[in-house]
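Examining the three-dimensional arrangement
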Amino acid sequence: MMAEIPPSLVLLLRDTSRSFYLTLRLLPAPVRPQIGLAYLLARATDTVADTDLISVSQRLDALGAMRRRILDPAARPLDLTSFVSASSRTASPGEQRLLARIEEAVAVLRGFSGPDQARITSVIDVITGGQELDLQRFGGATADSIVALRSAEELDDYTFRVAGCVGRFWTEMCSAHLFGEGAWDEAAQLRRGVEFGKGLQLVNILRDLPRDLRQGRCYLPSEELAAVGLRPSDLLETRNGPRLRPIYERYLDRSQAFLDSGWAYTLGIPGNARRLRLGCALPILIGVRTLGLLRQSSPLSVAAPVKVTRPWLRGAAGRAFLACWGLQDWQRLYGWAKG
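Residues numbered from 1 in each chain as written. Predicted model: local features only at pLDDT ≥ 70, side-chain atom pairs only at ≥ 80, totals over all residues. Heavy atoms only, no water.

**Describing the packing of aromatic side chains**
Enumeration over the complete set of coordinates arrives at eight aromatic pairs. Each ring, one from W263 and one from Y334, has its centre 4.7 Å from the other, and the planes form 10 degrees; the classification is stacked. Residue W263 is found in helix α13 (residues 241-267), and its partner Y334 is found in helix α16 (residues 330-338); the two are separated by 71 residues along the sequence. Here the aromatic cluster, defined as three or more aromatic residues joined through ring pairs, consists of F179, W184, F196 and Y265. Directly above the aromatic system of W336 lies the positively charged group of R319, at a separation of 4.2 Å from the ring centroid. (Phe/Tyr/Trp six-rings, centres within 6.5 Å; stacked < 30°, edge-to-face > 60°. Helix = DSSP H or I, 4+ residues; strand = E, 2+ residues; numbered from the N terminus. Lys NZ or Arg CZ within 6 Å of the ring centre and 35° of its normal.)

Here you go:
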C-alpha cells in the first residue's frame, strides 16, 4: 500500500524547508512520500522542542505525547494549539501551520504499508529521543550559564540521534523500494549513510558554534576544552579562537572524513538512479564547501554564519547534473567542491 502526501501538506514541506523541498523533488517517486512525511513529523517535534516560551517540562510532555501518537495508532490524538501561538517567536508560519495540522500528517502515516510505517516510526522514535535529551541537557542554559556536552562519545551519540539515524532510514527505504538484492552493497551503504548524516550535522555544529554559545549551548566536549585550558564560557571571547583552533580543526577533519564516506555513499548508488544520486550529491557538495570556508574563518567570530553563495550553489547543481549523465567526472567534481 502506497500513501500519498496531500497537496496541502506538500505545501507545508515547501514552507518549512525550501532546501530539503528541492532535494525531495529530486527523489524517485517510490520513496518520496515516506521520506517527505518523516521530515514533516521530525520538523513538527523539533518545532515543539524549540518553543522556548513554553516551559521545558511542558515541552517534554508534548514530545512524549507526539512520540506515543506517532508510534501507537491507539494513542490519544494530538492537540498542539498552545504551541501554535507560543512558537511565533521561534517558528516560521509554515511550522506553525504544521503544528496545527499535525493529525493530518499522522493520518497519512497510517496509510503506508506496515513495513514503511515501522521504518518511519523507528526514525522518529530516535529523533524525538534526541530532542528530549537535548532539552534535558540544555533546558536551563543561558549565555551566563553555558552547558556543554561532556565527551566525544556524547557528541557522537547526539549527531547520530539527530542526523545519522536519518541516513540509516533513507538507506533502508531505498533498499526496500528501489534496489533489488545485490543492486547495491546494503551493509556498506547503511554504515556510510549514518556517517553521511553525522557529517552534515557536525558541519552545522561547527558553523553555528558562536550562535549556540550565546544560547547557552556548547556541543564541543568540555573534556577536550579542559585539556587546552578552556572552559565553555571562554568561547564567548573571540580572542580565545587560537587556543580552540586545534580542537576545531580536529572536528573539521572528522566532518570531512564523514562527508568523504557520504560521497562514497553517493557513488555507491547505482548509476541509473540519477535523481537519487543528485539528491545525495548536492548536500555533500555544500557541506564540503562550507568546511573549506570554515577553515579560513575564525571559529568564534560573531559575524554572519559561513554560507555558500547562490552562484556557487547554482554551479554545483549544474556540475552534479552533468556528472549524473556522465559528462563530468564525479571525483573531479568532489575535488572542485573542496576547493
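Having seen the structure, we can now continue with the description.
**Focus: helix α7 (residues 102-109)**
Inspection of α7 places I102, A105, V106, V108 and L109 among the buried residues, and these make up the whole buried set. Summarising the axial view, the buried residues of α7 lie within an arc of 155 degrees, below the 170-degree limit, and thus occupy one face. Packing partners of the buried residues in α7 comprise α1 (7-16), α3 (32-49), α4 (56-71), α6 (93-100) and α8 (114-138). (Buried < 20%, exposed > 50% of the residue type's maximum accessible area, 1.4 Å probe, protein only. Arc of directions from axis to C-beta. Contact = heavy atoms within 4.5 Å.)

**Observations concerning the nonpolar core**
In summary, soluble globular proteins display a tendency toward joint burial of nonpolar side chains. If you look at the biggest cluster of nonpolar residues, it comprises 102 residues, and the most contacted ones within it are L37, L41, I120, W170, L244, L276 and L285. Counting residues per element, this core draws most heavily on helix α14 (residues 274-295), at 11 residues. Not counting residues within four places of it along the chain, the set of residues in contact with L276 comprises L26, L27, P28, W170, C174, L178, F179 and I269. (Core = buried A, V, L, I, M, F, W, Y, C linked by side-chain atoms within 4.5 Å.)

**A closer look at the packing of helix α9 (residues 152-177) against α13**
Between α9 and α13, the shortest axis-to-axis distance is 14 Å and the interhelical angle comes to 15 degrees. When the axis of α9 is compared with that of α13, the two are roughly parallel. Pair α9 / α13 crosses with right-handed handedness. Between α9 and α13, the residues in contact are A152, L155, D156, W170 and T171 and Y251, R254, F258 and Y265, respectively. (Axes fitted to C-alpha atoms, helices over the stretch in contact; angles between N-to-C directions. Parallel < 35°, antiparallel > 145°, perpendicular 65-115°, else oblique. Left-handed = near helix turned anticlockwise from the far one by under 90°.)

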